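Here is what each chain is made of, one letter per residue.
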Amino acid sequence: MNAPHLLSTLAQGAGTAALVAVLVIAGLIAIIVLMFVIQHFNLWLQAQLSGAHVRFVDIIGMRFRKVDPRTVVHSRSPA
């Protein structure tokens, strides 16, 4: 086996490993984002169905500000 062929084979293997690593990291990030969205989707749906008119982005913002979005949705929904 000649040296250029060996280097080419090693480079392809390194490229494949890097691609797999990037795909694994992207997959983990996607799973985390999906779990975050699913966690807040139920409350957003409840707000929409009850007429509370709280946006999904607002619910996520409340979490980051340490405000309980469930309390806000319940207080904004008509009785």
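Residues numbered from 1 in each chain as written. Predicted model: local features only at pLDDT ≥ 70, side-chain atom pairs only at ≥ 80, totals over all residues. Heavy atoms only, no water.

Can you help me understand the side chain of H40 in this one?
As for its position among the elements, H40 is in helix α1 (residues 3–50). For H40, a relative accessible area of 1% translates into the label buried. Looking at H40, its side chain comes within polar contact range of the side chain of R63, at 3.1 Å. The contact partners of H40, leaving out residues within four places of it in the chain, are F56, I59, I60 and R63. (Helix = DSSP H or I, 4+ residues; strand = E, 2+ residues; numbered from the N terminus. Buried < 20%, exposed > 50% of the residue type's maximum accessible area, 1.4 Å probe, protein only. Polar contact = N/O pair within 3.5 Å; in protein donor to acceptor, adjacent residues only side chain to side chain. Contact = heavy atoms within 4.5 Å.)

What should I look at first to understand helix α2 (residues 56–64) in this one?
Side chains that are three or four residues apart share a direction in an α-helix, a result of its 3.6 residues per turn. All buried positions along α2 are accounted for by I59, I60, G61 and M62. In the stretch just after α2, K66 is the one whose phi turns positive, near 65 degrees.

Can you help me understand the confidence of the model for the protein chain in this one?
Detail in the predicted coordinates should be disregarded across regions flagged by low pLDDT. In this model, the protein chain carries a mean pLDDT of 84, and residues with pLDDT of at least 70 account for 81%. Within the protein chain, α2 carries the highest mean pLDDT (91), whereas α1 carries the lowest (82). (pLDDT = per-residue confidence, 0-100.)

Please explain the nonpolar core as it appears in this structure.
Considering soluble globular proteins, one finds that nonpolar side chains tend to be buried as a cluster. Core analysis: the biggest nonpolar cluster contains seven residues, these being L43, A47, A52, V54, I59, M62 and V73. For this core, the elements supplying multiple residues, two or more each, are α1 and α2. Setting aside residues no more than four positions away along its own chain, L43 makes contact with I59, P69, R70 and V73. (Core = buried A, V, L, I, M, F, W, Y, C linked by side-chain atoms within 4.5 Å.)

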